[in-house]
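What follows is each chain in one-letter form.
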Amino acid sequence: MSPRIDDPRAGTVRAVPHPPLDKLSDPLSVEPPETPCPSYLETSQARHWMFSREELNQLRSETYAQATAALREFVKENEPGTTLHLLSKEDELSIIRFYLLRIGRLVKAFGLPSLVEATAMTLMKRFYLRNSCMQFHPKLIMLTSIYLASKAENYPLPLSVFCTQVNKNSAPRDPGQTPSAARGDVTEKIIEDLEFGMVQSLNFELAVHGAHRALYGLILDLQTIEPSLTRDEWLSIASAIQSNLHLSRFSDAEFLYTPSQIALASCWISSTGRDSLSGKALAEKWLSSKEELSTQIHKKNVQNHEHWNAKHKALHPEPQPSADESQTKILDHKASKPSFEAEKVKSILEKASQEVLSVAQHQNGDSEPLRPYVDTEHVKQIDLHLRSNLLIFEKMQKTVNRKRSASDGPENPKRARIDTQASDSE
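This text gives an overview of the structure that appears in the document. (Residues numbered from 1 in each chain as written. Predicted model: local features only at pLDDT ≥ 70, side-chain atom pairs only at ≥ 80, totals over all residues. Heavy atoms only, no water.)

To continue, consider the overall build of the chain. Looking only at helices and strands, one finds 14 helices and zero strands in the chain. Along its sequence from the N terminus, the chain presents helices and strands in the succession α-α-α-α-α-α-α-α-α-α-α-α-α-α. In the form shown here, the chain has an accessible surface area of approximately 23100 Å², with 52% of it arising from carbon and sulfur atoms. (Helix = DSSP H or I, 4+ residues; strand = E, 2+ residues; numbered from the N terminus. Areas by Shrake-Rupley, 256 points an atom, 1.4 Å probe, with all protein chains shown as cover.)

In structure tokens, the structure reads:
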């Protein structure tokens, strides 16, 4: 069952459980739910990977503060006098977006479906909510995300084939040089270590409920309310909406809104090719049909609850005082409103559309598909400072690993760790 699209608390989605079903002695004491509980709200994505804007900013600020504090402390204790060129939070988002853009090209090169691309982009964005680019190279996290997504979506690739394909067009490495994650070297050992560390950071939650699934159902539903459009016109509309949905993956939309809200927002900002029927008009027509259906369902629910109340009164003509007054309270649902309100959804779609368009570059014409904005020259400057930070972090990890090895005696079990440097055999 698809999630409710009109829930304004996108950042604090909480599922409302169904009433208990173990009161077999008095089944009429259990109030029937007015609306079913959307299964999406029970997923790990809704419970752990959706935030309010304030929560999202705070999480990124905390991650950035921890990474910069660790680098400053290490340099102060071990390399005094070294100048740190720390990235800003905006710099990190820029270089992450740059590598997100490359995921699609690599997925196509591997012959994998777009489903893997969508999952890989989500996994990479989730990872960098809890980790910094100054700790883990975005290039390697991008590759690890693709490798993980291929397995999560049941399109697995052998790791040896994956690394060979990635290194096919790379410059040959000096045979006497040890592979290093800080330099972005790709070996099986480095990807293996990052894979386990990445899965741990994601709390082993690799399931992704993408907006493309909601979009598929939305397109089918739209065809029933606008039968006058031809097949070619629907193909054109679907292509335009899909382009906007792809753009949304470069934004924070999936952390702030449900998949169904993102799918509808992608239609909201699309062009249908008809001057008289914009994507926004098409979405408004769909919302009106859903509001009408919701009103009909609400009327039926009121009738069902009136019938339930009549039975309750017949079986409990003189209710006895009880500690739980809710069991004897006669319910009145006539004053309640339908569960779907089109105006409330429109306000959500306006905000979601602004979030999607915030990452788009300026287009010369309305007919051109929207593309994510990436300042390549700025990213090159960021990359120069990024490498120096990654080298410092690699030294810091080596120091920590040496201390752990020294403290792990025969009586102390060894703790799991992630190597940042591969063996010479790789």
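From this point, things continue past the structure.
Where charged atoms from two side chains of opposite charge approach closely, those side chains can pair. Scanning all chains against the criterion turns up 14 salt bridges. Between arginine 53 and glutamate 355 there is a salt bridge; the shortest N-O distance is 2.6 Å. Here the residue arginine 53 occupies a position in helix H2 (residues 53–78), and glutamate 355 occupies one in helix H13 (residues 342–357), the gap between them amounting to 302 residues. A relative accessible area of 29% means that arginine 53 is categorised as partly exposed. (Salt bridge = Lys/Arg side-chain N within 4 Å of Asp/Glu carboxyl O. Buried < 20%, exposed > 50% of the residue type's maximum accessible area, 1.4 Å probe, protein only.)

Relative to the helices and strands, threonine 63 is located in helix H2. Among the polar contacts listed, one links the side chain of threonine 63 to the backbone oxygen of leucine 129, at a separation of 2.7 Å. Ignoring anything within four residues of it in the chain, the contact list for threonine 63 reads Leu129, Arg130, Asn131 and Ser132. (Polar contact = N/O pair within 3.5 Å; in protein donor to acceptor, adjacent residues only side chain to side chain. Contact = heavy atoms within 4.5 Å.)

The next point concerns the environment of alanine 181. Its place among the elements puts alanine 181 in the loop between helix H6 (159–167) and helix H7 (188–201). A relative accessible area of 15% means that alanine 181 is categorised as buried. For the pair alanine 181 and histidine 137, spaced 44 residues apart in the sequence, the C-alpha separation amounts to 7.1 Å.

Our next topic: helix H9 (residues 231–248). Across its 18 residues, H9 extends 26 Å between first and last C-alpha, which sits within 8% of the 26 Å expected from 1.5 Å per residue. The complete set of buried residues in H9 reads Trp234, Ile237, Ile241, Asn244, Leu245, Leu247 and Ser248. Down the axis, H9 shows its buried residues gathered within 160° of arc, on one side only. Structural note: H9 exposes Arg231 and Asp232 on the side pointing more than 90 degrees away from its buried face. (Expected span 1.5 Å × (residues − 1). Arc of directions from axis to C-beta.)

Turning our attention to the packing of helix H8 (residues 211–225) against helix H11 (residues 259–268). At a closest axis distance of 8 Å, the pairing of H8 and H11 adopts a crossing angle of 55°. Comparing the axis directions of H8 and H11 gives the class oblique. When you trace H8 past H11, the crossing you get is right-handed. Between H8, through Ala211, Ala214, Leu215, Leu218 and Leu222, and H11, the contact on the second element is made entirely by Pro259, Ser260, Ile262, Ala263, Leu264 and Cys267. Taken together, the residues of the contact of H8 with H11 sort by class into 10 nonpolar, one polar and no charged. (Axes fitted to C-alpha atoms, helices over the stretch in contact; angles between N-to-C directions. Parallel < 35°, antiparallel > 145°, perpendicular 65-115°, else oblique. Left-handed = near helix turned anticlockwise from the far one by under 90°. Nonpolar A, V, L, I, M, F, W, Y, C, P; charged D, E, K, R; others polar.)

So, on to the packing of aromatic side chains. All told, the structure shown has seven aromatic pairs when counted by the stated rule. Geometrically, the ring pair formed by phenylalanine 110 and phenylalanine 162 is stacked, given 5.0 Å between the ring centres and 10° between the ring planes. With phenylalanine 110 in the loop between helix H3 (89–109) and helix H4 (114–130) and phenylalanine 162 in helix H6, this residue pair connects regions lying 52 residues apart in the sequence. The pair phenylalanine 110 / phenylalanine 162 is uniform in exposure class, with both members buried. Ring pairs connect the aromatic residues Phe127, Tyr128, Phe136 and Phe393, which therefore count as one cluster. Across from the ring centre of phenylalanine 255, 5.6 Å away, lies the NZ or CZ of lysine 125, which sits over that ring. (Phe/Tyr/Trp six-rings, centres within 6.5 Å; stacked < 30°, edge-to-face > 60°. Lys NZ or Arg CZ within 6 Å of the ring centre and 35° of its normal.)

This paragraph deals with the nonpolar core. Among the nonpolar cores identified, the biggest contains 93 residues, and Ile103, Phe162, Leu222 and Leu287 are the most heavily contacted of them. Counting the residues that make up this core, at least three belong to each of domain 1 (44–169 + 184–208 + 375–398) and domain 2 (211–312 + 341–358). Among residues more than four places away in sequence, those in contact with leucine 222 are Trp234, Cys267, Leu282 and Trp286. (Core = buried A, V, L, I, M, F, W, Y, C linked by side-chain atoms within 4.5 Å. Domains from an automatic or database assignment.)

Relative to each other, H11 and H13 sit at 75°, their axes nearing to 9 Å. With respect to their mutual orientation, H11 and H13 come out roughly perpendicular. From H11, Gln261, Leu264, Ala265 and Trp268 reach across to H13, where they touch Val345, Lys346, Ile348, Leu349, Glu350, Ala352 and Ser353. Grouping the constituent residues of the contact of H11 with H13 by class yields seven nonpolar, two polar and two charged.

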